[in-house]
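# Structural overview
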Amino acid sequence: FDDRDGWIWMDGDFVPWRDAKTHVLTHALHYGSSVFEGERMYDGEIFKLTEHSERLRRSAELLDFELPYSVAEIDAACKATCERMGLRDCYVRPVAYRGPEQVSVSAGKTKVHVAIAVWDWPSYFDPETKAKGIRLEWAKWRRPDPMTAPSAAKAAGLYMICTLSKTAAEKRGYADAMMLDWRGYVAEATGANVFFVRDGVIHTPPIDGILDGITRQTVTAMAEAKGIEVIVRHIRPEELSTFSECFLTGTAVEVTPVSEIGEYRFTPGALTLDLMDSYSRLVRRA
Ligand code: PMP
(Lines give C-alpha, C1' and ligand atoms only; values in the text may rest on other atoms or scores of the structure.)
Protein backbone atom coordinates (compact mmCIF):
# COMPACT_ATOMS: atom_id res chain seq x y z
CA PHE A 1 0.00 0.00 0.00
CA ASP A 2 2.94 2.32 0.65
CA ASP A 3 4.48 1.83 -2.81
CA ARG A 4 2.36 3.99 -5.09
CA ASP A 5 2.26 7.38 -6.71
CA GLY A 6 0.44 10.26 -5.10
CA TRP A 7 0.48 12.70 -2.23
CA ILE A 8 -0.30 12.48 1.48
CA TRP A 9 -1.04 15.49 3.64
CA MET A 10 1.28 15.41 6.68
CA ASP A 11 1.24 18.15 9.31
CA GLY A 12 0.26 20.81 6.82
CA ASP A 13 2.37 19.80 3.80
CA PHE A 14 1.89 17.45 0.87
CA VAL A 15 4.49 14.68 0.92
CA PRO A 16 5.03 12.16 -1.93
CA TRP A 17 3.10 8.96 -1.06
CA ARG A 18 6.26 6.80 -0.76
CA ASP A 19 7.97 9.31 1.56
CA ALA A 20 5.05 9.75 4.00
CA LYS A 21 6.88 7.98 6.83
CA THR A 22 7.14 8.21 10.57
CA HIS A 23 9.93 7.05 12.91
CA VAL A 24 9.89 3.51 14.36
CA LEU A 25 9.86 5.03 17.86
CA THR A 26 6.53 6.78 17.22
CA HIS A 27 4.57 6.70 20.47
CA ALA A 28 1.39 5.55 18.71
CA LEU A 29 3.13 2.45 17.37
CA HIS A 30 4.18 1.36 20.86
CA TYR A 31 1.24 2.52 22.98
CA GLY A 32 -1.71 2.83 20.60
CA SER A 33 -2.02 6.63 21.02
CA SER A 34 -3.74 7.16 17.69
CA VAL A 35 -7.23 8.06 16.49
CA PHE A 36 -8.55 8.07 12.95
CA GLU A 37 -11.53 8.55 10.66
CA GLY A 38 -12.92 6.83 7.59
CA GLU A 39 -14.85 8.99 5.12
CA ARG A 40 -16.07 8.72 1.56
CA MET A 41 -16.15 11.31 -1.18
CA TYR A 42 -19.00 10.85 -3.67
CA ASP A 43 -19.12 12.91 -6.85
CA GLY A 44 -16.64 15.46 -5.48
CA GLU A 45 -18.17 15.89 -2.02
CA ILE A 46 -17.12 14.19 1.22
CA PHE A 47 -20.29 12.88 2.85
CA LYS A 48 -20.78 14.30 6.39
CA LEU A 49 -17.24 15.71 6.35
CA THR A 50 -17.61 18.01 9.37
CA GLU A 51 -19.29 15.27 11.44
CA HIS A 52 -16.23 13.08 10.78
CA SER A 53 -13.74 15.85 11.60
CA GLU A 54 -15.64 16.57 14.82
CA ARG A 55 -15.59 12.88 15.76
CA LEU A 56 -11.80 12.88 15.13
CA ARG A 57 -11.47 15.78 17.58
CA ARG A 58 -13.68 14.03 20.17
CA SER A 59 -11.75 10.76 19.77
CA ALA A 60 -8.49 12.67 20.40
CA GLU A 61 -9.98 14.31 23.50
CA LEU A 62 -10.99 10.87 24.81
CA LEU A 63 -7.32 9.88 24.45
CA ASP A 64 -6.32 13.07 26.30
CA PHE A 65 -4.75 14.88 23.38
CA GLU A 66 -5.70 17.91 21.41
CA LEU A 67 -5.59 18.16 17.64
CA PRO A 68 -3.18 20.88 16.48
CA TYR A 69 -5.77 21.89 13.83
CA SER A 70 -9.33 23.15 14.06
CA VAL A 71 -12.24 21.15 12.64
CA ALA A 72 -12.46 23.67 9.78
CA GLU A 73 -8.74 23.19 9.01
CA ILE A 74 -9.12 19.38 9.00
CA ASP A 75 -12.16 19.72 6.70
CA ALA A 76 -10.16 21.90 4.31
CA ALA A 77 -7.14 19.56 4.39
CA CYS A 78 -9.35 16.53 3.55
CA LYS A 79 -10.81 18.35 0.57
CA ALA A 80 -7.38 19.59 -0.56
CA THR A 81 -5.97 16.04 -0.42
CA CYS A 82 -8.75 14.70 -2.67
CA GLU A 83 -8.15 17.56 -5.06
CA ARG A 84 -4.38 17.03 -5.09
CA MET A 85 -4.96 13.33 -5.84
CA GLY A 86 -7.41 14.23 -8.60
CA LEU A 87 -10.10 12.03 -7.06
CA ARG A 88 -13.85 12.73 -6.88
CA ASP A 89 -14.94 9.33 -5.59
CA CYS A 90 -12.65 7.95 -2.94
CA TYR A 91 -12.05 6.87 0.64
CA VAL A 92 -10.56 9.48 3.00
CA ARG A 93 -8.40 8.47 5.97
CA PRO A 94 -7.33 11.18 8.46
CA VAL A 95 -5.18 9.93 11.36
CA ALA A 96 -3.90 11.82 14.43
CA TYR A 97 -1.19 10.31 16.61
CA ARG A 98 1.45 10.97 19.21
CA GLY A 99 4.90 11.14 17.62
CA PRO A 100 8.43 9.86 18.36
CA GLU A 101 9.44 12.74 20.66
CA GLN A 102 9.13 10.53 23.75
CA VAL A 103 9.13 6.76 24.25
CA SER A 104 7.48 5.97 27.54
CA VAL A 105 4.02 5.17 28.82
CA SER A 106 3.66 8.80 29.83
CA ALA A 107 3.27 11.02 26.79
CA GLY A 108 3.46 14.61 28.01
CA LYS A 109 6.44 15.48 25.78
CA THR A 110 5.06 14.03 22.55
CA LYS A 111 3.75 16.16 19.70
CA VAL A 112 0.46 15.33 18.00
CA HIS A 113 0.81 14.72 14.27
CA VAL A 114 -1.96 14.60 11.69
CA ALA A 115 -1.91 12.91 8.28
CA ILE A 116 -4.57 12.50 5.59
CA ALA A 117 -4.44 9.91 2.82
CA VAL A 118 -7.12 9.30 0.19
CA TRP A 119 -7.48 6.45 -2.26
CA ASP A 120 -9.79 4.95 -4.79
CA TRP A 121 -12.11 2.41 -3.11
CA PRO A 122 -15.25 1.77 -5.18
CA SER A 123 -17.36 -0.65 -3.12
CA TYR A 124 -16.49 -2.81 -0.16
CA PHE A 125 -18.53 -5.77 -1.41
CA ASP A 126 -19.43 -6.54 -5.03
CA PRO A 127 -23.12 -5.96 -5.92
CA GLU A 128 -23.87 -9.71 -6.18
CA THR A 129 -22.49 -10.45 -2.70
CA LYS A 130 -24.37 -7.43 -1.36
CA ALA A 131 -27.70 -8.54 -2.85
CA LYS A 132 -27.37 -12.02 -1.31
CA GLY A 133 -26.25 -10.70 2.04
CA ILE A 134 -22.90 -11.29 3.70
CA ARG A 135 -22.03 -14.09 6.14
CA LEU A 136 -20.73 -13.28 9.62
CA GLU A 137 -19.42 -15.49 12.39
CA TRP A 138 -19.46 -14.66 16.11
CA ALA A 139 -16.25 -12.95 17.19
CA LYS A 140 -14.25 -14.52 19.96
CA TRP A 141 -13.48 -11.02 21.32
CA ARG A 142 -15.91 -8.69 23.05
CA ARG A 143 -16.25 -4.90 22.98
CA PRO A 144 -14.86 -3.60 26.28
CA ASP A 145 -16.76 -1.89 29.07
CA PRO A 146 -16.47 1.95 28.71
CA MET A 147 -14.76 1.84 32.14
CA THR A 148 -12.05 -0.44 30.69
CA ALA A 149 -11.26 1.47 27.47
CA PRO A 150 -12.47 4.73 25.88
CA SER A 151 -14.83 2.71 23.69
CA ALA A 152 -16.60 5.78 22.26
CA ALA A 153 -13.37 6.85 20.53
CA LYS A 154 -12.45 5.75 17.04
CA ALA A 155 -9.06 4.87 18.49
CA ALA A 156 -6.50 2.56 16.89
CA GLY A 157 -6.11 0.54 20.12
CA LEU A 158 -9.72 -0.63 20.01
CA TYR A 159 -9.12 -2.08 16.55
CA MET A 160 -6.85 -4.78 17.98
CA ILE A 161 -10.05 -6.69 18.80
CA CYS A 162 -11.57 -5.91 15.38
CA THR A 163 -8.48 -6.99 13.43
CA LEU A 164 -8.24 -10.28 15.36
CA SER A 165 -11.95 -10.96 14.81
CA LYS A 166 -12.13 -9.97 11.14
CA THR A 167 -8.94 -11.78 10.13
CA ALA A 168 -10.09 -14.98 11.91
CA ALA A 169 -13.53 -14.74 10.24
CA GLU A 170 -12.03 -14.25 6.76
CA LYS A 171 -9.72 -17.22 7.27
CA ARG A 172 -12.83 -19.36 7.75
CA GLY A 173 -14.58 -17.94 4.68
CA TYR A 174 -16.82 -15.35 6.39
CA ALA A 175 -17.00 -11.71 5.33
CA ASP A 176 -16.86 -10.34 8.86
CA ALA A 177 -17.45 -11.07 12.55
CA MET A 178 -20.21 -9.89 14.91
CA MET A 179 -18.94 -8.81 18.31
CA LEU A 180 -20.84 -8.98 21.57
CA ASP A 181 -20.19 -6.40 24.27
CA TRP A 182 -18.71 -7.11 27.69
CA ARG A 183 -22.20 -7.95 29.05
CA GLY A 184 -22.97 -10.37 26.23
CA TYR A 185 -25.33 -8.11 24.25
CA VAL A 186 -25.03 -7.86 20.47
CA ALA A 187 -22.66 -4.95 19.79
CA GLU A 188 -21.36 -4.33 16.25
CA ALA A 189 -19.33 -5.78 13.40
CA THR A 190 -15.60 -5.04 13.16
CA GLY A 191 -16.10 -1.86 11.12
CA ALA A 192 -19.86 -1.33 11.01
CA ASN A 193 -22.99 -0.97 13.15
CA VAL A 194 -25.82 -3.53 13.04
CA PHE A 195 -29.60 -3.28 12.58
CA PHE A 196 -32.32 -5.97 12.73
CA VAL A 197 -35.87 -5.99 11.33
CA ARG A 198 -38.98 -7.68 12.74
CA ASP A 199 -42.55 -6.97 11.57
CA GLY A 200 -41.50 -3.75 9.82
CA VAL A 201 -39.79 -2.35 12.94
CA ILE A 202 -36.02 -1.78 13.19
CA HIS A 203 -34.02 -2.71 16.30
CA THR A 204 -30.43 -1.59 16.92
CA PRO A 205 -28.12 -1.58 19.96
CA PRO A 206 -27.52 1.65 21.93
CA ILE A 207 -24.14 3.39 21.71
CA ASP A 208 -22.92 2.40 25.17
CA GLY A 209 -19.72 0.62 24.16
CA ILE A 210 -19.92 0.70 20.37
CA LEU A 211 -18.88 3.38 17.88
CA ASP A 212 -21.52 6.08 17.31
CA GLY A 213 -21.52 5.50 13.56
CA ILE A 214 -22.29 8.45 11.33
CA THR A 215 -23.96 6.06 8.85
CA ARG A 216 -25.96 4.64 11.77
CA GLN A 217 -27.24 8.16 12.53
CA THR A 218 -27.98 8.82 8.84
CA VAL A 219 -29.83 5.54 8.27
CA THR A 220 -31.82 5.92 11.52
CA ALA A 221 -32.98 9.40 10.44
CA MET A 222 -33.74 8.12 6.94
CA ALA A 223 -35.84 5.21 8.28
CA GLU A 224 -37.72 7.49 10.68
CA ALA A 225 -38.44 9.94 7.85
CA LYS A 226 -40.01 7.03 5.98
CA GLY A 227 -42.25 6.38 9.00
CA ILE A 228 -40.35 3.25 10.09
CA GLU A 229 -40.01 2.86 13.85
CA VAL A 230 -36.41 2.46 15.11
CA ILE A 231 -36.09 0.95 18.58
CA VAL A 232 -32.69 1.45 20.24
CA ARG A 233 -32.25 -1.23 22.90
CA HIS A 234 -30.02 -4.02 24.16
CA ILE A 235 -30.35 -7.14 22.03
CA ARG A 236 -29.49 -10.61 23.33
CA PRO A 237 -27.89 -13.01 20.80
CA GLU A 238 -30.71 -15.62 21.31
CA GLU A 239 -33.19 -13.00 20.03
CA LEU A 240 -31.62 -13.13 16.57
CA SER A 241 -33.92 -16.05 15.67
CA THR A 242 -36.90 -13.64 15.87
CA PHE A 243 -35.62 -11.16 13.24
CA SER A 244 -36.27 -11.58 9.51
CA GLU A 245 -33.75 -9.06 8.12
CA CYS A 246 -30.36 -7.79 9.25
CA PHE A 247 -28.03 -5.18 7.78
CA LEU A 248 -24.78 -3.40 8.59
CA THR A 249 -24.10 0.32 8.23
CA GLY A 250 -20.77 2.10 7.91
CA THR A 251 -18.88 4.50 5.71
CA ALA A 252 -17.04 1.64 4.02
CA VAL A 253 -19.87 -0.95 3.85
CA GLU A 254 -22.63 1.70 3.37
CA VAL A 255 -25.85 -0.34 3.88
CA THR A 256 -25.01 -4.03 3.45
CA PRO A 257 -27.54 -6.85 3.98
CA VAL A 258 -26.50 -9.79 6.20
CA SER A 259 -27.66 -13.36 5.49
CA GLU A 260 -26.01 -15.12 8.38
CA ILE A 261 -24.63 -14.51 11.87
CA GLY A 262 -23.37 -17.74 13.43
CA GLU A 263 -26.35 -20.11 13.72
CA TYR A 264 -28.92 -17.43 12.68
CA ARG A 265 -30.22 -16.79 9.13
CA PHE A 266 -31.75 -13.67 7.54
CA THR A 267 -33.13 -12.85 4.10
CA PRO A 268 -32.42 -9.43 2.60
CA GLY A 269 -35.94 -8.00 2.33
CA ALA A 270 -37.82 -4.98 1.03
CA LEU A 271 -37.01 -2.76 4.01
CA THR A 272 -33.24 -3.36 3.82
CA LEU A 273 -33.14 -2.99 0.03
CA ASP A 274 -35.13 0.25 0.20
CA LEU A 275 -32.73 1.75 2.78
CA MET A 276 -29.75 0.55 0.74
CA ASP A 277 -31.11 2.30 -2.32
CA SER A 278 -32.11 5.49 -0.46
CA TYR A 279 -28.67 5.70 1.16
CA SER A 280 -26.85 5.39 -2.17
CA ARG A 281 -29.06 8.15 -3.61
CA LEU A 282 -28.59 10.39 -0.56
CA VAL A 283 -24.78 10.24 -0.60
CA ARG A 284 -24.75 11.10 -4.31
CA ARG A 285 -27.39 13.81 -3.82
CA ALA A 286 -29.41 12.05 -6.56
N1 PMP B 1 -18.23 0.50 14.23
C2 PMP B 1 -16.91 0.37 14.02
C3 PMP B 1 -16.09 -0.47 14.94
C4 PMP B 1 -16.30 1.03 12.92
O5 PMP B 1 -15.01 0.92 12.69
C6 PMP B 1 -17.12 1.80 12.06
C7 PMP B 1 -16.50 2.49 10.88
N8 PMP B 1 -16.01 3.77 11.21
C9 PMP B 1 -18.50 1.89 12.33
C10 PMP B 1 -19.00 1.23 13.43
C11 PMP B 1 -19.40 2.73 11.45
O12 PMP B 1 -19.12 4.08 11.62
P13 PMP B 1 -19.41 5.15 10.45
O14 PMP B 1 -20.81 4.92 10.03
O15 PMP B 1 -19.20 6.45 11.10
O16 PMP B 1 -18.44 4.84 9.36
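Residues numbered from 1 in each chain as written. Predicted model: local features only at pLDDT ≥ 70, side-chain atom pairs only at ≥ 80, totals over all residues.

The name given to the protein chain in an unreviewed UniProt entry is Branched-chain-amino-acid aminotransferase, and the organism recorded there is Brevundimonas halotolerans. What UniProt states about the protein chain under its Cofactor (unreviewed entry) heading is, verbatim, "pyridoxal 5'-phosphate". Quoted straight from UniProt, the Function (unreviewed entry) entry for the protein chain says "Acts on leucine, isoleucine and valine." (UniProt positions renumbered as here; feature names shortened; annotations may be inferred.)

## Details of the site of the ligand
Close to the ligand lie 15 residues, the nearest being G213, I214, T215, G250 and T251. Elements with a minimum of two residues in the shell around the ligand: helix 6 (214-225) and strand 14 (245-250). Top element by residues in the shell around the ligand is helix 6. It accounts for three residues. Residues of the shell around the ligand, tallied by class, amount to four nonpolar, eight polar and three charged. (Near = placed C-beta within 6 Å. Helix = DSSP H or I, 4+ residues; strand = E, 2+ residues; numbered from the N terminus. Nonpolar A, V, L, I, M, F, W, Y, C, P; charged D, E, K, R; others polar.)

## Overview of the domain arrangement of the protein chain
Segmentation of the protein chain into domains returns domain 1 (7-119) and domain 2 (127-283). Here the C-alpha centroids of domain 1 and domain 2 sit 26 Å apart. Sorting elements by how many residues they give to the side of domain 1 that touches domain 2 places helix 2 (residues 49-62) first, with five residues. Looking at the side of domain 1 that touches domain 2 residue by residue, the classes come out as seven nonpolar, five polar and six charged. (Domains from an automatic or database assignment.)

## A word on helix 6
An ideal rise of 1.5 Å per residue puts 16 Å on twelve residues; helix 6 measures up with 17 Å between its terminal C-alpha atoms. Within helix 6 the residues assigned to the buried category are I214, T215, R216, T218, V219 and A223. (Expected span 1.5 Å × (residues − 1). Buried ≥ 20, exposed ≤ 12 C-beta atoms within 10 Å, placed from the backbone.)

## Thoughts on the pairing of strand 9 (residues 176-180)
Counting buried residues along strand 9, four of its five residues qualify, which places the element largely inside the surrounding structure. Here three bridges tie strand 8 (residues 134-138) to strand 9, and the two strands are oriented parallel to one another. The partner of L136 across the bridge, within strand 9, is D176. Note that the unit made of strand 8, helix 5 (residues 159-171) and strand 9 has a crossover that is right-handed. Here strand 9 pairs with strand 10 (residues 186-189) via three bridges, running antiparallel. When the bridges of strand 10 are listed, M178 appears paired with A189. Where strand 9 hands over to strand 10, the hairpin turn is made up of five residues, of which G184 adopts a positive phi near 100°. (Pairing = 2+ DSSP bridges. Right-handed = clockwise from strand over helix to strand, strands pointing away.)

## As for the environment of S278
Checked against the element boundaries, S278 lands in helix 7 (residues 270-283). In sequence terms S278 and M222 are 56 residues apart; their C-alpha atoms lie 8.0 Å from each other.

## Some thoughts on the nonpolar core
Counting 36 residues, the largest nonpolar core has L136, M178, C246 and V258 as the members making the most contacts within it. Of all elements in the fold, only strand 8, strand 9, strand 10, strand 11 (193-198), helix 6, strand 14, strand 15 (254-261) and helix 7 reach the threshold of two or more residues within this core. No other element matches the four residues that strand 11 contributes to this core. Dropping the residues within four chain positions of it, L136 is found in contact with A169, Y174, A175, D176, A177, M178, A189, V258, E260 and I261. Core analysis: the second largest hydrophobic core is formed by 27 residues, M41, L49, L56 and I116 among them. (Core = buried A, V, L, I, M, F, W, Y, C linked by C-beta atoms within 7 Å. Contact = placed C-beta atoms within 7 Å.)

## A few points about the packing of helix 2 against helix 3 (residues 71-85)
Interaxial distance between helix 2 and helix 3 falls to 9 Å at its minimum, and their mutual angle equals 125°. By the angle between their axes, helix 2 is oblique relative to helix 3. Between helix 2 and helix 3 lies a crossing of right-handed hand. Counted together, L49, T50, S53, E54, L56 and R57 of helix 2 and V71, I74, D75 and C78 of helix 3 form the full contact between these two elements. (Axes fitted to C-alpha atoms, helices over the stretch in contact; angles between N-to-C directions. Parallel < 35°, antiparallel > 145°, perpendicular 65-115°, else oblique. Left-handed = near helix turned anticlockwise from the far one by under 90°.)

## Details of unusual backbone geometry
Glycine aside, residues mostly have negative phi angles, and peptide bonds mostly take the trans form. Phi is positive for D11, which is not a glycine, with a value near 50°. Position of D11 relative to the elements: it lies in the loop between strand 1 (7-10) and strand 2 (13-16). Not every positive phi belongs to a glycine, and E254 is a case in point at roughly 55°. Tracing the chain through its elements places E254 in strand 15. A tally of 23 C-beta atoms within 10 Å means that E254 is categorised as buried.

## A word on the packing of helix 6 against helix 7
Orientation of helix 6 relative to helix 7, taken along the N-to-C sense of each, is 115°, at an axis distance of 11 Å. Viewed along their axes, helix 6 and helix 7 adopt a mutual orientation that is roughly perpendicular. Considering only the axes of helix 6 and helix 7, their crossing is right-handed. Every residue of helix 7 that contacts helix 6 at V219, M222 and A223 is listed here: L275, S278, Y279 and L282.

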